[in-house]
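The chain contents come next:
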Amino acid sequence: MNPSGLGAVKEFDNLIALKFQLYNSLFTSLPFQKIEKTGILLSLFQNRCEESYPKGKSPVQIVEDFFGSTEGFGTEQLQNDLLFRFIQYAERQVVLFDALEDAGFNRVNDITGKGTLKQLEMQVSQNQKEEELREKLKSFAVQPVLTAHPTQFYPEEVLGIIRDLSKALGKNNTEQVNIYLQQLGKTPFFKQKKPSPYEEAVRLIWFLENVFYDACANIMVNLKQSFPDIVNVYKPVVRMGFWPGGDRDGNPFVKSDTTWKVALALRSSILKCYYLQLRKLKRRLTFKGIEDLITPLEQRLYENVFIPYRQTSITKQELLDTMYQVRKIIVEQHDGLFLHLVDNLITKIHIFGLYFAVLDVRQDSSIHKKLYRELERMSLIPEGYNGLSDTDKIDWLTTHTCDLNGISFGEATLDDTPGSMRTMKDIQMVNGEVGCNRYIISHATSALDIMQVYALFLMSGWKEEGLTVDIAPLIETIDDLLNAGKIMEDLYRNETYRRHLERRNHTQVVMLGFSDGSKDGGYLMGNWSIFKAKETLTAVSKQYGISVIFFDGRGGPPARGGGKTHRFYASLGNKISSSEIQLTIQGQTISSNFGTVESAQYSLEQLVHAGIANELFSQKEPALSDDEEVLLQNLAEESFVAYSRLKEHPRFMDYLLEVSPLRFYSDTNIGSRPTKRGTGKMTMEDLRAIPFVASWSQLKQNVTGFYGVGTALQKVEQSGQLDRFRQLYHSSLFFRTLIDNCEMSLQKCFLTLTAYLKDDERFGEFWRMISEEYQLSVQYILKLTGHEHLMEDYEVERKSVALRERIILPLLTIQQYAMTKIRELEAAGAEDINESAYGKLVTRCSFGIINAARNSA
């Protein structure tokens, strides 16, 4: 049974499943052409899908049989028009289900139970861990970093409707629900053009203003109430990070002026939040001695936010000084009346400063390498530099420099690199040092990659003693993860870089990429390689007196490091540094796990509890022993062999391009970033992890979330060690979470959708490989866990998945029907398929399919 118990299942059945059936009937009032008939026909089509797949029928057969028995749709145009109406109807059913789950969140989830701050308070008290908590909170923080990765298929207008609809559903206000559903019917899901990087940033700033502004403060306030003598408001436990406008890796549309513009937007946004809260506070604080303090501050905030030409310098300390004066008067003269409201605003100023969220800058190492080749060509560095060994290059970089001020390379991306470094300095002057103090290097494979960036900062105008920037390597592939310890040890041995780390409080941030790790090595090997890299990096950093902070690049699905994320952090044990929890929160996951104040606060509490409990109560979840690590290493290696065989199959890329909707991903216009790095023919190396994983998800095959697990466990059984893994499943939270997340991936598979390919001349063998591994993985995971069905411990989530999958079954069918038609047209020589009706059907189906899964991209 799931951890929430029978009560949660009952609440889900009553508040979500039953209400969905009731409110679904209101869809006949949506303002679509022939909407009532569309709803009836969609229901018939859904039933036909459910009846036909068990009989072995293909999507094409199902669609053709349906139209063959339905009058009035005798032409291809009429048939496609109805299929488009089915898509519109079904994707709005998904919105209704999302809103119902949001509305029932506090009833279905135990918001004061396991993994919450309330449980932490009880645990600390019972175990008398107050002093340990005090010490932990001196350095611990949780930092979710919002990114603009293209996984959010809901436009901001629809997200707003979901929010309002959720509130109306929570109040059972049927009249209001009906109005919002009508608004939903008139609101398009599809954007005619891609958003700019700045527009992406504005979309996510909405979440900062409307969700995280209150959720983060609530956590700090609750912690302070529970541990008044331990929690220090000057050291917030939760803070926010931000990538839109700063992440230029593979996105040529992000420029230095974009970064600057987004930084100003973040500043303006947080000042607006302070202004609006101060206005509300002023209505309560009508006491003598208060107005003379608040009114001038209110006026200055107003001018900074709403009158650009009257903007004046304002500092975080100025805000705090004023509010602490107000607090003093209230305590000493007015019996502490409304003190909690004042403290709430003070807490927020401590958390968000003038920057709201830390704006990171990221660029790929290949751009830096290209820049150094150009520097040599322009004789700005010695001739032959790029032919030197890494050691000799680093020696030169630490003893020489050049001035790039006023230098143009004739290529926008290259000019932007030193430009972005200068912009970081400008942002720190306006938003404070914390506002933009980290530069991330994608595909960092050596100490040289970090040292070349360090030198570029100096070439761009920074002084060595004043370089207030953390330079963080992003390590992603299996080989690089294996080599991570050597990369950082080489770096720590460099005297110049060691001096830099001394000025950065002896702290080094290392980012680890779960998405590309799983793409490169498969589910088990990707996750295990990161676990081992963290162990190695922790030991190496400790040896050199460095505190390492791990920044996890996680996506929504288990294949990209998502799923039960907080349980991974709770399971790390004492061999892995856990001074902070930093992780990316991307597109779809932002709205599904952090879409409301309640869900965001719950999710953040789970992370806070996991990070603290991992250290204070680690004896309850001991670290893996050496023998257990050997077991998991062998398991990961076996899975890697199986996954590599699949990846090296000659039909691998053809299958993705011709059977999955991969090549249509960029047509969804949900993000500014291209689907792949570089130009030319799409290759596995250039392919971005997000569309890669999302394409398998839409095929309902979720390869990167399970492939190789079944084969590895079968090998374990053949060697007589399955019982040892059964014991490990029950004793190790890390391994248990790894398997539980895999179960989620398997639960969302539906191989029957593409079973028509099993005897296909081109793709039959490849499809059968996936099908056999899927069946093997289900079989052996059930053997391992002793369960009767997948996700047995998470019954509410299992029910949610089942209902969502039923809603989108027509969309899955339509998408595969259209993909089959496209293959037929291309075989006959057709071109420009993306703009055809079938291409548009594929693209439009993606929205409902991805949104229904909530964490599939």
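Going by the structure above, here's the rest.
In this text the structure is predicted, and so the values were computed from the model without any measurement.

(A) Geometry of the overall build of the protein. Assigned secondary structure in the protein consists of 35 helices and nine strands. Against the globule reference of 29 Å for 857 residues, the protein gives a C-alpha radius of gyration of 27 Å, in line with a compact fold. The buried share of the protein, taken over its 857 residues, is 62%. Here the analysis covers contacts within the protein between residues at least 6 apart in sequence; of these, 82% occur between residues at least 24 apart. Accessible surface for the protein amounts to roughly 33,200 Å². Of this, 49% is attributable to carbon and sulfur atoms. Once the 98 positive and 108 negative side-chain charges of the protein are each reduced to a mean point, those two points are 4 Å apart.

(B) Looking closely at the pairing of strand E7 (residues 507–513). Across the seven residues that make up E7, a large majority, seven, are buried. Burial along E7 is two-sided: the residues Thr507, Val509, Met511 and Gly513 and Gln508, Val510 and Leu512 are all buried. Where strand E6 (residues 470–475) lies against E7, two bridges are found, and the strand directions are parallel. In the sheet register, Leu474 faces E7, and the bridge partner there is Met511. Bridge count between E7 and strand E8 (residues 547–553): seven bridges; the pairing is parallel. Directly across from Thr507, in E8, lies its bridge partner Ser547.

(C) Spotlight on the packing of aromatic side chains. On inspection of all chains with the given rule, the structure shows 40 aromatic pairs. Centroid distance Trp528 to Phe734: 6.1 Å. Interplanar angle 50°. Geometry classified as tilted. Within this pair, whereas Trp528 is found in helix H23 (residues 523–543), its partner Phe734 is found in helix H32 (residues 733–747), the two being separated by 206 residues in sequence. In terms of burial, Trp528 and Phe734 fall into one category: buried.

(D) Here's a closer look at the packing of helix H12 (residues 291–306) against helix H13 (residues 316–333). In contact at an axis separation of 10 Å, H12 and H13 are set at 155° when each is read in the N-to-C sense. Taken together, H12 and H13 sit at an angle that is classed as roughly antiparallel. Helix-helix and strand crossings are classified by hand; for H12 and H13 the assignment is left-handed. Contacts between H12 and H13 involve Leu293, Ile294, Leu297, Arg300 and Leu301 from the former and Glu318, Leu319, Thr322, Met323, Gln325, Val326 and Ile329 from the latter. Here the residues of the contact of H12 with H13 sort into eight nonpolar, two polar and two charged.

(E) Examining the sheet that holds strand E4 (residues 361–364) more closely. The strand order across the open sheet formed by nine strands is E3-E2-E1-E9-E8-E7-E6-E5-E4, and the pairing between neighbours is parallel. The outermost strands of the open sheet, each flanked by one partner alone, are strand E3 (358–359) and E4. Relative to E3, strand E2 (residues 241–242) is paired through two bridges, and the arrangement is parallel. Its bridge partner being in E3, Phe242 is matched across the sheet by Leu359. Across the sheet, helix H15 (residues 365–377) lies against E4 and strand E5 (438–442), angled at about 70° from E4, the strand it touches most.

(F) The arrangement of the packing of helix H10 (residues 197–226) against helix H11 (residues 256–284) in detail. Between H10 and H11, the least distance of the axes is 10 Å, while the angle of their chain directions is 25°. Relative to H11, the element H10 is oriented roughly parallel. In this structure, the crossing between H10 and H11 has a hand that is right-handed. Contacts between H10 and H11 involve Pro197, Tyr198, Ala201, Ile205, Leu208, Glu209 and Tyr213 from the first element and Thr258, Lys261, Val262, Ala265, Leu266, Ser269, Ile270, Lys272, Cys273, Tyr274 and Gln277 from the second. Each residue belonging to the contact of H10 with H11 can be placed in one class, and the counts come to 12 nonpolar, three polar and three charged.

(G) Seen up close, helix H21 (residues 495–503). Looking at H21, one finds that the buried residues are Thr496, Tyr497, His500 and Leu501. Here the buried residues of H21 occupy an arc of 140° about the axis, which is enough to place them on one side. Turning to H21, the residues buried within the fold contact helix H18 (447–459), E6, helix H20 (484–492) and E7. For H21, the N-terminal capping position is held by Asn494, with its side-chain oxygen 3.1 Å away from the main-chain nitrogen of Thr496. Remark: Asn505 follows H21 within two positions and exhibits a positive phi of approximately 65°.

(H) How the structure looks around a nonpolar patch on the surface. A contiguous nonpolar surface patch, about 370 Å² in accessible area, is contributed by Trp260, Leu264, Met429 and Val430. Taken together, the elements giving at least two residues each to the nonpolar patch come down to H11 and helix H17 (412–431). Tracing the sequence through the fold places Trp260 in helix H11. The partly exposed category is assigned to Trp260, whose relative accessible area is 31%.

(I) Geometry of the pairing of strand E1 (residues 141–147). Most of E1 sits out of view: seven of its seven residues are buried. Across the two faces of E1 the burial is the same, with Ala141, Gln143, Val145 and Thr147 and Val142, Pro144 and Leu146 all buried. Relative to strand E9 (residues 580–586), E1 runs parallel, the two being bridged by seven bridges. The residue of E9 that forms the bridge with Pro144 is Leu583.

(J) Here's a closer look at the pattern of salt bridges. Applying the stated criterion across every chain yields a total of 50 salt bridges. In this structure, Asp449 and Lys369 form a salt bridge, with 2.9 Å as the shortest nitrogen-oxygen distance. With a gap of 80 residues between them, Asp449 in helix H18 and Lys369 in helix H15 connect regions that are remote in the sequence. On the basis of relative accessible area, Asp449 is assigned to the buried category, the value being 4%. For Asp490, the salt bridge goes to Lys486, with nearest N and O atoms at 2.8 Å. Residue Asp490 and its partner Lys486 are located together in helix H20, separated by four residues, close to a single helical turn. Among the ionic contacts, a cluster of salt bridges with common partners joins Lys532, Glu535, Lys575, Asp626 and Glu629.

(K) Region of interest: the nonpolar core. Membership of the largest hydrophobic core comes to 267 residues, with the highest contact counts inside it found for Phe212 and Phe242. With 13 residues, H10 is the largest single contributor of residues to this core. The residues contacting Phe212, other than those within four sequence positions of it, are Leu146, Phe207, Ala217, Met240, Phe352, Phe594, Ala600 and Leu604. One finds Trp243, Ala472, Val509 and Phe551 within the second-largest nonpolar core, a separate group that totals nine residues.

(L) Inspection of the environment of Leu44 at higher detail. Topologically, Leu44 is positioned in helix H2 (residues 35–52). Between the C-alpha atoms of Leu44 and Thr417, which are 373 residues apart in sequence, the distance is 56 Å.

(M) Expanded view of the side chain of Ser420. Following the sequence through the fold, Ser420 ends up in helix H17. Since its relative accessible area comes to 1%, Ser420 is described here as buried. Looking at Ser420, its side chain comes within polar contact range of the main-chain oxygen of Thr417, at 2.7 Å. Contacts of Ser420, omitting those with residues within four sequence positions, involve Arg248, Ser256, Val361 and Tyr439.

(N) Region of interest: the environment of Ala17. Position of Ala17 among the secondary structure elements: in helix H1 (residues 5–24). Leaving out residues up to four positions away in the same chain, Ala17 has contacts with Phe12 and Leu803.

(O) View of the state of the cysteines. All chains considered together, the criterion is met by zero disulfides. Take Cys216: it sits in no disulfide, and the sulfur closest to it among the cysteines is that of Cys273, at 12 Å.

(P) Inspection of the environment of Leu285 at higher detail. As for its placement among the helices and strands, Leu285 is situated in the loop between H11 and H12. Non-local contacts of Leu285, meaning those with residues more than four positions away in its chain, are made with Ile290, Ile294, Val326, Ile330, Leu337, Phe338 and Val342.

(Q) Spotlight on unusual backbone geometry. Although it is not a glycine, Gln128 adopts a positive phi angle of roughly 50°. On the basis of relative accessibility, which here comes to 65%, the residue Gln128 falls in the exposed class.

The rules behind these values
Residues numbered from 1 in each chain as written. Predicted model: local features only at pLDDT ≥ 70, side-chain atom pairs only at ≥ 80, totals over all residues. Heavy atoms only, no water. Helix = DSSP H or I, 4+ residues; strand = E, 2+ residues; numbered from the N terminus. Rg over C-alpha atoms; globule rule 2.2 N^0.38 Å. Buried < 20%, exposed > 50% of the residue type's maximum accessible area, 1.4 Å probe, protein only. Contact = heavy atoms within 4.5 Å. Areas by Shrake-Rupley, 256 points an atom, 1.4 Å probe, with all protein chains shown as cover. Lys, Arg positive; Asp, Glu negative; His and termini not counted. Charge placed at Lys NZ, Arg CZ, Asp CG, Glu CD. Pairing = 2+ DSSP bridges. Phe/Tyr/Trp six-rings, centres within 6.5 Å; stacked < 30°, edge-to-face > 60°. Axes fitted to C-alpha atoms, helices over the stretch in contact; angles between N-to-C directions. Parallel < 35°, antiparallel > 145°, perpendicular 65-115°, else oblique. Left-handed = near helix turned anticlockwise from the far one by under 90°. Nonpolar A, V, L, I, M, F, W, Y, C, P; charged D, E, K, R; others polar. Arc of directions from axis to C-beta. Polar contact = N/O pair within 3.5 Å; in protein donor to acceptor, adjacent residues only side chain to side chain. Patch = residues over 30% accessible without salt bridge, like charges linked within 9 Å, V, L, I, M, F, W, Y side chains within 5 Å. Salt bridge = Lys/Arg side-chain N within 4 Å of Asp/Glu carboxyl O. Core = buried A, V, L, I, M, F, W, Y, C linked by side-chain atoms within 4.5 Å. Disulfide = S-S within 2.5 Å.

Purely spatial values, then, with no claim about function.
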